[in-house]
Amino acid sequence: MDSQEIAQKQLEQFYSAVAQGNQMKMTTRNWLVTVWLGITVVIGSDTLEVSFIITLALYLVPVILFWFFEAMLHTLLSIDQSGAWRLEEYLSSSNSDIDLPQNYYLMHRHASETFKEKCYCFLRSMFLAETVILFYLLMIVLSFLFAALLAPD
């Protein structure tokens, strides 16, 4: 197998990882909505009498945990996308006769960026990615609203 074929195969792995990561992000959001609605049913059924603070905590803890998890997924997706871009540049460049390691996909995913860069990417994913932050801010606002409506007076 020559380096072009190896690069093409590695690129397919990156594309597959990105598609799977996007699917996992949607699954994460679906599970959050399911858990959040389950909490609403339990609190709204009057079988659980708790204060406003506890009601709010019951809503916010899963939102924050799922937000953290989706930010981690978004970080991995960013790393995979940068690896795919590098491979695309490699395939389109004139010096693609340089040997590409057979395990470039694994090498790039786990060792291409320093811990500091990964932390920065994680924080950027958690607080600056519009699709991530808008969804979770909406869930937090809804949590405050429903906690105020469903908490006993």
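One can find the structure itself at the top, above this paragraph.
Let us look at the structure shown here. From a predicted model like this one, the values you see are computed outputs, not experimental measurements.

## Some remarks on the packing of aromatic side chains
Line of reasoning, step 1. Counting across every chain of the model gives 6 aromatic pairs.
Line of reasoning, step 2. With centroids separated by 5.0 Å and ring planes inclined at 75 degrees, the aromatic side chains of Trp 36 and Phe 146 adopt a geometry described as edge-to-face. In this pair, Trp 36 is assigned in helix α1 (residues 3–44) and Phe 146 in helix α5 (residues 130–150), connecting sequence segments 110 residues apart.
Line of reasoning, step 3. Under the relative-accessibility criterion, Trp 36 is labelled buried at 6%.
Line of reasoning, step 4. A ring pair is formed by Trp 67 and Tyr 136, whose centres lie 5.8 Å apart and whose planes are at 0 degrees; its orientation type is stacked. In this pair, Trp 67 sits in helix α2 (residues 52–92) while Tyr 136 sits in helix α5, placing the two residues 69 residues apart along the sequence. With respect to burial, Trp 67 and Tyr 136 carry one shared label: buried.

## A word on the nonpolar core
In a soluble, globular protein the nonpolar side chains are often hidden away together inside.
Line of reasoning, step 1. The biggest cluster of nonpolar side chains holds 20 residues, and the ones touching the most others in it are Leu 32, Tyr 59, Val 63, Trp 67, Tyr 136 and Met 139.
Line of reasoning, step 2. Where this core is concerned, the elements lending two or more residues are α1, α2, α4 (115–127) and α5.
Line of reasoning, step 3. For this core, the element with the most residues is α5, which contributes 7 residues.
Line of reasoning, step 4. For Val 63, the residues in contact, after removing those within four places along its chain, are Leu 32, Trp 36, Tyr 136, Met 139, Ile 140 and Ser 143.
Line of reasoning, step 5. By size, the runner-up hydrophobic cluster in this structure holds 7 residues, among which are Ala 7, Phe 14, Tyr 90 and Leu 91.

Parameters at a glance
Residues numbered from 1 in each chain as written. Predicted model: local features only at pLDDT ≥ 70, side-chain atom pairs only at ≥ 80, totals over all residues. Heavy atoms only, no water. Phe/Tyr/Trp six-rings, centres within 6.5 Å; stacked < 30°, edge-to-face > 60°. Helix = DSSP H or I, 4+ residues; strand = E, 2+ residues; numbered from the N terminus. Buried < 20%, exposed > 50% of the residue type's maximum accessible area, 1.4 Å probe, protein only. Core = buried A, V, L, I, M, F, W, Y, C linked by side-chain atoms within 4.5 Å. Contact = heavy atoms within 4.5 Å.

Bear in mind that shape data such as this cannot, by itself, settle questions of function.
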